[in-house]
Amino acid sequence: MKILVIEDDEKAAQSLQRGLREEGFAVDIAMDGKSGLERAQSGAFDLVLLDVSLPGMDGWSVLCQLRADARNVPAIMLTARDALPDRVKGLALGADDYVVKPFAFSELVARIRAVLRRGSGVGHESRMSYQGLTLDLVSGKVERDGVGIELTQKEMQLLELFLRHQDEVLSRSYIAERVWEVVFDNDSNVVDVSIWRLRSKIDEPFERKLIHTQRGRGYVLR
């Protein structure tokens, strides 16, 4: 899925591009409203992340022009304006969602996937699986070989991260940043304890183990 980020803050735009690419999206950047509109009108994108405060042509105007041109590409507005009239204005103009800065990256990703699922009509990425282990992102149900497994919210986020990076070794710091959105001290065992709990539920009751420790490197779903 391809996302266009229209954001005039270069640091913020690059951070979004890097994070979304790590989540599996293809990402392009436009630094102002006019060039962003031209890119969005090309029809090459599955979703647009659109900052409201843009030089030359603001986000509201870009959105209005897209909808006037019958471009139905999903659009999520990014803005520091938290007032109810602003949120209502964005939705009334045809935005699919409205995210207030500063926001948690995990929340933005969840909103992007929710908008894409609604737009696809077929539940895009609503169900993930690996070797008999399945995670339904809509219902939150987890099963392995047909057996239901109860996970906490953090455990589900961990599992989703592993499922999106099958056969890739994930470092403790990467896991901490993606699931907790913080950088833990080297002495912290939060990641290790959480993965131990996840393993106790999805691995211990089964003969074949899926989550493995790579000494000195991290963990891998394999």
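Computed from a predicted model, the values in this text were never measured in an experiment.

Caption draft 1: Structural view of the pattern of salt bridges. Scanning the model with the defined rule gives 13 salt bridges in all. The shortest N-O distance in the salt bridge between Glu 107 and Arg 111 comes to 2.9 Å. With Glu 107 and Arg 111 both in helix H5 (residues 105-120) and four residues apart, the pair spans about one turn of that helix. Since its relative accessible area comes to 34%, Glu 107 is described here as partly exposed. Taking relative accessible area as the criterion, Arg 111 reaches 26% and is therefore assigned partly exposed. For Arg 164, the salt bridge is made with Glu 160, and the minimal N-O distance between the two is 3.0 Å. Within this pair, Arg 164 and its partner Glu 160 are both found in helix H6 (residues 153-164), separated by four residues, close to a single helical turn. For the pair Arg 164 and Glu 160, one class covers both residues: buried.

Caption draft 2: Summary view of the sheet that holds strand S8 (residues 142-144). Taken together, four strands build an open sheet; the order of strands is S6-S7-S8-S9 and the sheet is antiparallel. In the strand order of this sheet, the two ends are held by strand S6 (127-130) and strand S9 (147-149), each with one partner. Ignoring strand direction, the axes of neighbouring strands in this sheet form an average angle of 20°. For S8 and S9, the ladder comprises three bridges, and the chain directions are antiparallel. From the neighbouring strand, Arg 144 faces S9, where its bridge partner is Val 147.

Caption draft 3: Quick peek at the environment of Glu 150. Mapping Glu 150 onto the fold places it in the loop between S9 and H6. Overall, Glu 150 belongs to the exposed group, its relative accessible area being 69%. Linking Glu 150 and Gly 140, residues ten residues apart in sequence, is a C-alpha distance of 9.2 Å. Setting aside anything within four residues of it in sequence, one finds Glu 150 in contact with Glu 155 and Lys 201.

Parameters and conventions
Numbers given to residues run from 1 along each chain, matching the order in which its sequence is written. Per-residue local features of the predicted model are confined to residues with pLDDT of at least 70, and side-chain atom pairs are confined, for both listing and counting, to 80 or more; whole-chain, interface and lining totals are unaffected and use all residues. Processing note: side-chain calculations cover all non-hydrogen atoms of the structure and skip hydrogens and water entirely. When a carboxyl oxygen of Asp or Glu is within 4 Å of a side-chain nitrogen of Lys or Arg, the pair counts as a salt bridge. Counting from the N terminus, the helices are DSSP H or I runs at least four residues long and the strands are E runs at least two residues long. The rule is simple: take the accessible area with a 1.4 Å probe, protein chains only, and divide by the maximum for that residue type; under 20% is buried, over 50% is exposed, in between is partly exposed. Note on pairing: two strands pair once DSSP finds at least 2 bridges between them. Axes here mean lines fitted to C-alpha atoms, for a helix over just the part in contact, with angles spanning 0 to 180 degrees between N-to-C directions. Any two residues whose heavy atoms approach within 4.5 Å at even a single point are treated as in contact.

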